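# Geometric and topological summary
So the chains spell out like this:
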Amino acid sequence: YQEIRLILGDQLNAEHSWFQNKSHECLYVIAELHQEMSYVKHHIQKVCAFFHAMGNFSQALNQAGHDCLYLNLDDTQAYDSLVELIEGLVSKYDATTFAYQLPDEYRLRKQLSNLKLKGCDIKAYSTEHFFLDESEFGQYFQKDKHNRMESFYRKMRKRFDILMDGQNPRGGQWNYDKKNRNKLKKEDIQQIPEPLMFANDVSKILARLKKHQITTFGKEETSLLWPTSRKQARQLLQYFCESCLPQFGEFQDAMTTATVHKWSLYHSRLSFALNAKILSPQEVISAAIDAFEANDHIDIAQIEGFTRQILGWREFVRGLYWTHEEYAKKNYFNAKRDLPQYFWTGETQMRCLSEAVTQSLDYAYAHHIQRLMITGNFCLLTEIDPDQVDEWYLGIYVDAIEWVEMPNTRGMSQFADGGIIATKPYAASANYVHKMSDYCSSCTYSHTEKTSDNACPLNSLYWRFIDHNKEKLQQNQRMGMIYNVWNKKDSSEKEQILNKAAGVLRNIENL
Ligand code: FAD
């Protein structure tokens, strides 16, 4: 082979221009890498989803007439790193060109950009996946300043002419959030659709993981529910458009325990297929807009809410990731506490936390508000070291890749970036949890109490967070009201709350 082209596990883009021509002088390589198993401890379903999807992609390439070599953990065992593997392949096939698509994270990108191969040209290509090209980041993102998602999103809507009537947003408004974000009422529960799940047999992958003693965590399933081929991913997209989009925005932030479908609700669960690049963001948005246009029962608030997530948030966090290389070091609140053990077991009496963690262990999935306002909020209020928080999120979710995980976790949920992404910390007491879910009604702790023995820990922790970070947050306009409330409390009440919070923190492993 003259040319070797590497395809990483999250580069399964069948529409890439690479595949427009066929040549038997070009060998595509897809490899299960030991180094990718150890940079963080992954959920077992996450590893299975990636390996299975990689295997399917390799098969599809061969069936389409390309030459693709799939290397499994047995085949790559002899190589200590990706670089060694590439050197080995180039010399084995006497290749004169080595090509790769630019990785979406610093770690792999550095590894590949430092690569030197004697007598072999190295070429890097775009993944051709995102709306924005990296060269355009300078026009959209400012370093070390607060970047507003809303204005970014409006620019994107205009530029790509999505949900627009000429220069104006479709329906007359840019944002319909006020209509959205309702709690699920009893009568809503029966309507929740049964999620479309696949049954991918991953037993061979599981056997390989065991053989190579790969450490993983989470619930092992031989039948994997996540979509691992283009066909399945498109089925899931279609299912979403038909069954979930009509209520997507309305219940986007809702949480419940009242149905077995509590983990999926109206969420698309397309993040794995998107992040592995099996689906493009363009086709996901187009399919959803087509469904909206063809169906009177899908209102503008739903489609706008969905478009905002992908055209807005997803592209936005990526831009911030690449414009802030030092993001991984940020720790605005100087948080240092260890992540409690129940993040690995779900065994806590706090119902909200146990629901979100158990579900994450069972499915390698939680929806946005569970990630942000349950596990994220808890870590923020208890000052867990953001390195440990990042590590947990990066390992547990099937869709977790650093470029999207880190800005969301460190930035949005932990405010460790001091406000580059969010205008204020997403800190909340039990009041929020109760407003958006039915978790509190079946909890040992009381969501209305602050200082009693069975008071919800979030309540005192919330006020402690406010008090403790006064210097850093009091000047923030969006926090003004909350400081007014805190400042008006009399000193004995404050003291009781702070004492309670101190007790909660001392006892953090046993909540
Ligand atoms: P839906 O609710 O159906 O949303 C549709 C799509 O919009 C998603 O598939 C996703 O591609 C995109 N999207 C929505 N919100 C965001 C966002 N904030 N940032 C980027 N894209 C978004 N998303 C990941 O893809 N990988 C992660 O590792 C990840 N880590 C997160 C960590 C924390 C602490 C938080 C608060 C959020 C994180 N998110 C992450 C964003 C979001 O929670 C997930 O994208 C979403 O829950 C995936 O489920 P879904 O496909 O059903 O999403």
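Residues numbered from 1 in each chain as written. Predicted model: local features only at pLDDT ≥ 70, side-chain atom pairs only at ≥ 80, totals over all residues.

This paragraph deals with the confidence of the model for the protein. Model confidence for the protein is summarised by a mean pLDDT of 96, while 100% of its residues fall at 70 or above. The ipTM value of the predicted complex is 0.99, and its pTM value is 0.97. (pLDDT = per-residue confidence, 0-100.)

In this section: the site of the ligand. The environment of the ligand is formed by 27 residues, the closest being His 267, Ser 268, Ser 271, Gln 309 and Glu 405. Breaking the shell around the ligand down by element, the ones donating at least two residues are α11 (271-275), α13 (300-323), α15 (368-381) and α17 (402-413). Broken down by element, the residue count for the shell around the ligand peaks at six residues, all from α17. Taken together, the residues of the shell around the ligand sort by class into eleven nonpolar, eleven polar and five charged. (Near = placed C-beta within 6 Å. Helix = DSSP H or I, 4+ residues; strand = E, 2+ residues; numbered from the N terminus. Nonpolar A, V, L, I, M, F, W, Y, C, P; charged D, E, K, R; others polar.)

Under the domain assignment, the protein is made up of domain 1 (3-125), domain 2 (136-323) and domain 3 (341-510). Its C-alpha centre places domain 1 at a distance of 39 Å from the equivalent point of domain 3. Each partner contributes residues to the interface: domain 1 has ten residues there, and domain 3 has eleven residues. A breakdown of the residues in the side of domain 1 that touches domain 3 according to their chemical character gives two nonpolar, three polar and five charged. (Domains from an automatic or database assignment. Contact = placed C-beta atoms within 7 Å.)

Before going further, it helps to spend a moment on the sheet that holds strand β2 (residues 26-31). Pairing within the open sheet is parallel, and its five strands lie in the order β4-β2-β1-β5-β6. Each edge of the open sheet is held by one strand with a lone partner, namely β4 (67-71) and β6 (121-125). Neighbour-to-neighbour, the strand axes of the sheet open up by a mean angle of 25 degrees, direction not taken into account. Both strand β1 (residues 3-7) and strand β5 (residues 97-101) contribute to a ladder of four bridges, which runs parallel. Each residue of the ladder has a partner; that of Ile 4, found in β5, is Phe 98. Strand contacts of helix α2 (residues 44-63): β2 and β4, with the helix running at about 155 degrees to β4, the strand carrying the most contacts. (Pairing = 2+ DSSP bridges. Axes fitted to C-alpha atoms, helices over the stretch in contact; angles between N-to-C directions.)

What follows deals with unusual backbone geometry. Of note, the phi angle at Leu 163 is positive, near 50 degrees, even though the residue is not glycine. Within the element layout of this structure, Leu 163 appears in the loop between α7 (149-159) and β7 (164-165). One non-glycine residue, Leu 265, lies in the positive phi region at around 45 degrees.

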